[in-house]
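What the coordinates show
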Amino acid sequence: MVWSSGQSAPETPWALADRQHGVITRRQLLGCGLSRRAIEHRLRNRRLHPVQHRSRTWRGVYAVGRPHLTEKGLLMAAALFAGPAAVLSHETAAILWRIRSDGREHGGGRTRDKAAIDVTVPPDGRHPIGLRVHRRALPSDDRVLLDGIPVTSAIRTLIDLATRLDEDDLEAAVNAADKFDLAHPETLRRSIDAPA
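Attention here is on the structure that accompanies the text.

Reading the values: rules and limits
- Residues numbered from 1 in each chain as written.
- Predicted model: local features only at pLDDT ≥ 70, side-chain atom pairs only at ≥ 80, totals over all residues.
- Heavy atoms only, no water.
- Helix = DSSP H or I, 4+ residues; strand = E, 2+ residues; numbered from the N terminus.
- Buried < 20%, exposed > 50% of the residue type's maximum accessible area, 1.4 Å probe, protein only.
- Contact = heavy atoms within 4.5 Å.
- Salt bridge = Lys/Arg side-chain N within 4 Å of Asp/Glu carboxyl O.
- 1 Å grid on protein atoms, 1.4 Å probe; cavity = no way out; pocket = protein on both sides within 12 Å on 5 of 7 lines; lining within 4 Å.
- Points joined across faces, edges and corners; volume = space filled by probe spheres on them.
- Nonpolar A, V, L, I, M, F, W, Y, C, P; charged D, E, K, R; others polar.
- Phe/Tyr/Trp six-rings, centres within 6.5 Å; stacked < 30°, edge-to-face > 60°.
- Pairing = 2+ DSSP bridges.
- Axes fitted to C-alpha atoms, helices over the stretch in contact; angles between N-to-C directions.
- Polar contact = N/O pair within 3.5 Å; in protein donor to acceptor, adjacent residues only side chain to side chain.
- Arc of directions from axis to C-beta.

In terms of regular secondary structure, the chain is built from eight helices and eight strands. Within the chain, the fraction of its 196 residues that count as buried is 39%. Within the chain, residue pairs in contact and separated by at least 24 positions form 54% of the contacts whose partners lie at least 6 positions apart.

Right, let's get into the pattern of salt bridges. Scanning all chains against the criterion turns up nine salt bridges. Here Glu91 makes a salt bridge to Arg100, at a shortest N to O gap of 3.1 Å. Judged by relative accessible area, which is 9%, Glu91 ranks as buried. Across the pair Arg164 and Asp118 runs a salt bridge whose closest N-O atoms are separated by 3.9 Å. With a gap of 46 residues between them, Arg164 in the loop between helix H6 (154–162) and helix H7 (167–179) and Asp118 in strand S5 (residues 118–121) connect regions that are remote in the sequence.

Next up on the list: the layout of surface pockets. Taken as a whole, the largest pocket encloses approximately 540 Å³ of empty space. Along the walls of the largest pocket sit 21 residues, with Thr25, Arg27, Leu80, Gly83 and Pro84 positioned nearest its centre. Within the residue set of the lining of the largest pocket, elements represented by two or more residues are helix H2 (26–31), strand S3 (56–64), helix H4 (71–82) and strand S7 (143–146). Residue classes in the lining of the largest pocket are distributed as 12 nonpolar, four polar and five charged.

Turning next to the packing of aromatic side chains. Per the counting criterion, the structure on display carries one aromatic pair. Considering the side-chain rings of Trp58 and Phe81, the 5.4 Å spacing of their centres and the 10° angle between planes classify their relative orientation as stacked. Of this pair, Trp58 sits in strand S3 while Phe81 sits in helix H4, and the two are 23 residues apart along the sequence. Since its relative accessible area comes to 7%, Phe81 is described here as buried.

Time to look at the environment of Gln20. Position of Gln20 relative to the elements: it lies in the loop between helix H1 (13–19) and strand S1 (23–25). Classification of Gln20 as buried rests on a relative accessible area of 7%. Through-space distance from the C-alpha of Gln20 to that of Met76 is 6.5 Å; in sequence the pair is 56 residues apart. For Gln20, the residues in contact, after removing those within four places along its chain, are Gln28, Met76 and Leu80.

This paragraph deals with the side chain of Asp142. By secondary structure assignment, the location of Asp142 is in the loop between strand S6 (132–135) and S7. With relative accessibility at 14%, the residue Asp142 sits in the buried group. If we ignore the near neighbours within four places in the chain, the residues touching Asp142 are Val151, Thr152, Ser153 and Arg156.

Strand-to-strand pairing in sheets goes through backbone hydrogen bonds, with the strands running parallel or antiparallel. Strand order across the open sheet formed by three strands is S1-S3-S2, with antiparallel pairing between neighbours. This sheet does not close on itself; its edge strands, each paired only once, are S1 and strand S2 (48–53). Between one strand axis and the next, the sheet turns by 50° as a mean value, whatever way the strands run. For S1 and S3, the ladder comprises three bridges, and the chain directions are antiparallel. Its bridge partner lying in S3, Val23 is registered against Ala63.

Our next topic: the side chain of Thr152. Summarising the element assignment, Thr152 is placed in strand S8 (residues 149–152). Judged by relative accessible area, Thr152 falls into the buried class, the value being 0%. A polar contact of 2.7 Å, which involves the side chain of Thr152, links it to the side chain of Thr157. Leaving out residues up to four positions away in the same chain, Thr152 has contacts with Val87, Leu88, Ser89, His90, Ala93, Trp97, Leu138, Asp142, Val144, Thr157 and Asp160.

Turning next to helix H3 (residues 36–44). Residues spaced three or four apart along an α-helix point in a common direction, a consequence of the helix completing one turn every 3.6 residues. Regarding H3, the residues found buried are Ala38, Ile39 and Arg42. All buried residues of H3 fall inside an arc of 100° around its axis, so they share one side. Exposed side of H3, more than 90 degrees from the buried face: Arg36, Arg37 and Arg44 are the residues found there. Of the surrounding secondary structure, the elements contacted by the buried residues of H3 are H1, H2, S2 and S3. Positive backbone phi, approximately 60°, marks Arg46, located one or two places after H3.

Dropping the structure here:
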């Protein structure tokens with residue numbers, strides 16, 4: 001549908017939440033035309049549910065329709081909670097890219113804290129409680145959407161992991177990225193050697 005001014009019809013909050021894995025922010029609801037009163041009504045009627053993680057409520061972030069989120073819904077909620085310039089990063093990004101395992105597929109070895117979610121925010125960005133926050137200004141090439149979720153690029157993710165993983169784990173992550181055609185080792189080497 002095209003409005004008389006030539007603009008497209010505004011997106012409904014429910015379509016936006018659907019694209020965002022079942023979550024939406026208060027700011028987005030207001031931007032879609034809902035009033036504060038309409039939001040409170042939907043909270044009372046349990047059509048919106050405040051998102052909680054590790055016994056903390058992520059203020060201003062809601063699950064739509066049902067309180068339980070998929071893993072991607074939870075990760076999207078974390079990115080939204082961290083702010084508009086935030087991206088998932090480090091171990092969390094590596095798991096989304098499938099270059100690291102969250103440890104649930106096999107029994108042995110070291111695993112990350114499955115409850116911790118890594119986000120990178122700008123140096124002057126907010127510090128969302130309950131997330132593992134990294135502060136850095138990221139160039140636009142290092143910020144992508146993966147299944148609609150803001151995340152660091154595969155190469156930036158590998159660079160972030162390089163100082164945190166032992167040699168064997170890093171090699172396994174690089175091999176996985178190569179296997180999924182996310183980052184060719186030569187491209188990765190050039191990115192590492194490039195001036196910051």
